[in-house]
Number of protein chains: 2
Amino acid sequence: MSGHKIATAEASPNIALIKYWGKRDDKLFLPLNGSLSVTLDAPIKTRTTVLFSEQLKKDEFWLNGRRQTEEESADVVRVLNLLRSDESRSRALVVSFNSFPSSAGLASSASGIAALTLGGAHALNLKLDPQALSIIARQGSGSACRSIMGGFVEWTKGAHQDGRDSYAVQIEPHTFWPEIRILIAIVTSQKKEVSSRVGQTRTVKTSSLFLQRLKEVDKHLSAVKELIARKDTENLFLEVMRESNNLHAVMMDSWPPFFYLNDVSRNIIRAVMEFNSGSIKAAYTFDAGPNAFIITTDDCANELKNQISRISGVEEVLESKVGEGPKILQDDSSHLIDVNAMIPVSLSPKQAM
Amino acid sequence: MSGHKIATAEASPNIALIKYWGKRDDKLFLPLNGSLSVTLDAPIKTRTTVLFSEQLKKDEFWLNGRRQTEEESADVVRVLNLLRSDESRSRALVVSFNSFPSSAGLASSASGIAALTLGGAHALNLKLDPQALSIIARQGSGSACRSIMGGFVEWTKGAHQDGRDSYAVQIEPHTFWPEIRILIAIVTSQKKEVSSRVGQTRTVKTSSLFLQRLKEVDKHLSAVKELIARKDTENLFLEVMRESNNLHAVMMDSWPPFFYLNDVSRNIIRAVMEFNSGSIKAAYTFDAGPNAFIITTDDCANELKNQISRISGVEEVLESKVGEGPKILQDDSSHLIDVNAMIPVSLSPKQAM
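Residues numbered from 1 in each chain as written. Chains lettered and ligands numbered in written order. Predicted model: local features only at pLDDT ≥ 70, side-chain atom pairs only at ≥ 80, totals over all residues. Heavy atoms only, no water.

Caption draft 1: Quick peek at the relation of the copies chain A and chain B. Once chain A is rotated about the relating axis by 180 degrees and shifted along it by 0.0 Å, it coincides with chain B to within an RMSD of 0.0 Å. Look at the turn and shift together and you get a two-fold axis relating the two. Within chain A, the C-alpha atom positioned nearest to the axis of rotation is that of Ala249(A), 2.1 Å from it. Here 100% of the contact residues of chain A are again contact residues in chain B; the copies associate through an equivalent surface. (Least-squares fit on C-alpha atoms with pLDDT ≥ 70 in both. Contact = heavy atoms within 4.5 Å.)

Here it is, written out as structure tokens:
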């Protein structure tokens, strides 16, 4: 490890039950409200290798086998700069792969930035606690701060202007509620909607309904925490669905309006409502895209998965448990070979170093 | 007229620029906020003949050639009861035809109830002013009170518990702004959503965002009135689109949620936004269905109509000017023959009388 500082980390995306939408500080990614998520299980993950080397002239970021432009690398470089101390000015080569299709609408920036933060800190041999790691990841991409932990995770919005108290904390580990399942319904989409960053700013600036949302969202976050602690599926799932509706309502109230849900998304909502007609056994939730995330329990997962799979326009349904959280891959020699293999062959030695 | 009290009236639907959504009194149809509409032009209308006769045992209501059930006739009977004085207990035969397809998503209850109120009052020789007629129509179907007048119409919410000050007033006649055009884009829909009456109650009971809407909607109504007076199309059209988005946002925030807009509706929104990319020249607005109502001016109507017609899923685009308001058809003998011809032939004399 001493000659070339290298480490590989894995992290999974997280699904927000109470959403992060709207910043009070654009540069520090300080949110206007607290949020709460569940981290996905390891099969759905981003693996990121970070190599710091004096031989690199500038930071390089490869994602899913493709070298990223300077603009596409901006979040990664920001995290690297936060990790690098003044004396260590080494540039980094970051090689990242997602195990899930990009069409899954999963926040690959969350898992990617979390894996980068953890891998980078490990490569530089920094002794950072999860709170410090979360604060760094937050500045790469807001919701990435929640992927630093497994299980059920709360991102406390904090009050300080410098962001020192705006980080994620694990409220329950993945072992707390092993029956929980998360279905990811991948939906065909032709329309390219606005990015979540652009959308957030637009909502904050233009939606008056957003003011009402802000007044109440922290109350709902407290409720969701209590319902998780009590494992009260019925009321938890109700809160989760209403939160998703509330978020997509303020998006529609923004100007210009934007719509992430399409007719397939709405047919999934209807199917979940139908499935819940006796009692609430599952919850849908949507982020900045048409794909549905459905929270349910193991005894309902198969039936629901079958029903959702049959909906026209649903391409695939992935399934996940609650994840354990990110990890550092052991840096034995076999691993190092793996890492080298991840550097695309088209890259000449000069470019790579 | 003396032997059998009969009259025929015509009224047109209205398109709300500021929407009526939410009642403070379900029985009297008293709204939680004021609303403002434009009445459509006469080719798009309901023609209703009302005949009061001692020979009828009960009220009968025929709509578009089909005898309506007791439940389907409830609104009509309520209006008839408000029109009938204590001494005149005659039952009525009401025969009503819409000139527009029911798929147009136009509030046929608004035009139908307005025509019924006017025709019924005329048949009974009641001397009622527009305000009194509007109060009666309101109790048949809320927004019908606005179809009692042509041009631009405001429904003042009123403050009294008995509804005496909740009626429509004409703020500008149809001659005020002859350049205005209303396009009606008919959209295919497979899904049957909740009725607007059920939806309204649901929103009032469950949506917290609706509270924020209520705080601001009267301010927007005042703004829209001013913008109409100034003929400020750009700002008027912006207000109209944002009001529609705001309404559909609170519908989504209701529980259970309901969605009137589908992917075709959203493609129409995108087309209007595109059309407006230089400056705002048109406004979309949606009621309790996927069909779009597009307000624009005569110089833009053709181009916009062509563009909207080309959107996949748009079946037809109707066009209307601002309407003059309802009228009573002259009760000459030829008219009386027409009326009799409107009674379906399958109806035996006994049933008809």
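Caption draft 2: Main features of the packing of helix 7 (residues 263–275) of chain A against helix 8 (residues 298–309) of chain A. Residues and elements named next belong to chain A. Relative to each other, helix 7 and helix 8 sit at 140 degrees, their axes nearing to 10 Å. As far as their axial angle goes, helix 8 and helix 7 are oblique. Of the two elements, helix 7 crosses helix 8, and the hand of that crossing is right-handed. Only Cys300, Glu303, Leu304, Gln307 and Ile308 of helix 8 make contact with helix 7, whose side of the interface consists of Ile268, Ala271, Val272 and Phe275. (Axes fitted to C-alpha atoms, helices over the stretch in contact; angles between N-to-C directions. Helix = DSSP H or I, 4+ residues; strand = E, 2+ residues; numbered from the N terminus. Parallel < 35°, antiparallel > 145°, perpendicular 65-115°, else oblique. Left-handed = near helix turned anticlockwise from the far one by under 90°.)

Caption draft 3: Local environment of the pattern of salt bridges. Summed over all chains, the structure comprises 42 salt bridges over all chains. Ionic pairing is found between Arg213(A) and Glu243(A), a salt bridge with its closest N-O pair at 2.9 Å. Taken as a pair, Arg213(A) in helix 5 (residues 209–229) and Glu243(A) in helix 6 (residues 233–253) lie far apart in primary sequence, 30 residues in all. For the pair shown, Arg213(A) and Glu243(A) are each scored as buried. With a closest N to O distance of 2.6 Å, Asp287(B) and Lys19(B) form a salt bridge. On the criterion of sequence distance, the pair formed by Asp287(B) in the loop between strand 13 (282–286) and strand 14 (292–297) and Lys19(B) in the loop between strand 2 (14–18) and strand 3 (23–25) is long-range, its members being 268 residues apart. What makes Lys19(B) buried here is its relative accessible area of 2%. (Salt bridge = Lys/Arg side-chain N within 4 Å of Asp/Glu carboxyl O. Buried < 20%, exposed > 50% of the residue type's maximum accessible area, 1.4 Å probe, protein only.)

Caption draft 4: Expanded view of the packing of aromatic side chains. Residues and elements named next belong to chain A. In total, this model carries 13 aromatic pairs over all chains according to the counting rule given. When the centroid spacing of 6.3 Å and the interplanar angle of 35 degrees are considered together, the rings of Trp21 and Phe258 count as tilted. Residue Trp21 is located in the loop between strand 2 (14–18) and strand 3 (23–25), and its partner Phe258 is located in the loop between helix 6 and helix 7; the two are separated by 237 residues in the primary sequence. What makes Phe258 buried here is its relative accessible area of 1%. (Phe/Tyr/Trp six-rings, centres within 6.5 Å; stacked < 30°, edge-to-face > 60°.)

Caption draft 5: Inspection of the pairing of strand 14 (residues 292–297) of chain A at higher detail. Residue and element names in this part refer to chain A. Extensive coverage of strand 14 is indicated by the burial of 6 of its 6 residues. Here strand 14 shows no split at all, with Ala292, Ile294 and Thr296 on one side and Phe293, Ile295 and Thr297 on the other all buried. Where strand 12 (residues 180–187) meets strand 14, 6 bridges bridge the pair, whose relative direction is antiparallel. Across the sheet, the residue bridging to Arg181 is Thr296, located in strand 14. In this structure, strand 13 (residues 282–285) lies alongside strand 14, joined through 4 bridges in antiparallel fashion. When the sheet's bridge partners are listed, Ala283 is paired in strand 14 with Ile295. Counting the residues in the hairpin turn of strand 13 and strand 14 gives 6 residues. (Pairing = 2+ DSSP bridges.)

Caption draft 6: Geometry of the interface of chain A and chain B. Between chain A and chain B, the contact holds 35 residues from the first and 35 residues from the second. Of the roughly 2900 Å² buried at the junction of chain A and chain B (both faces included), carbon and sulfur atoms supply 60%. Linking chain A to chain B there are 4 salt bridges. Arg270(B) is paired through a salt bridge with Glu193(A); the nearest N and O atoms lie 2.6 Å apart. (Buried area = accessible area lost by both parts, 1.4 Å probe.)

Caption draft 7: Just unusual backbone geometry, in detail. All names here are of chain A. Residue Pro256 is reached from Trp255 by a cis peptide bond, and omega for that bond is -10 degrees. Phi is positive for Phe29, which is not a glycine, with a value near 55 degrees. Although it is not a glycine, Asn125 adopts a positive phi angle of roughly 60 degrees. In this fold, Asn125 is placed in the loop between helix 2 (108–123) and helix 3 (130–140).

Caption draft 8: A look at the sheet that holds strand 12 (residues 180–187) of chain B. All names here are of chain B. Spatially, 4 strands are ordered 13-14-12-15 in an open sheet, and the strand pairing comes out antiparallel. Bordering the open sheet on either side are strand 13 and strand 15 (314–321), each of which pairs with just one other strand. Looking at each pair of strands side by side, their axes are set apart by 25 degrees on average, direction ignored. Across 7 bridges, the pairing between strand 12 and strand 15 is antiparallel. If you follow Ile186 over to strand 15, its bridge partner there is Glu316. The strands touched by helix 6 (residues 233–253) are strand 12, strand 13 and strand 14; relative to strand 13, the strand with the most contacts, the crossing angle is about 20 degrees.

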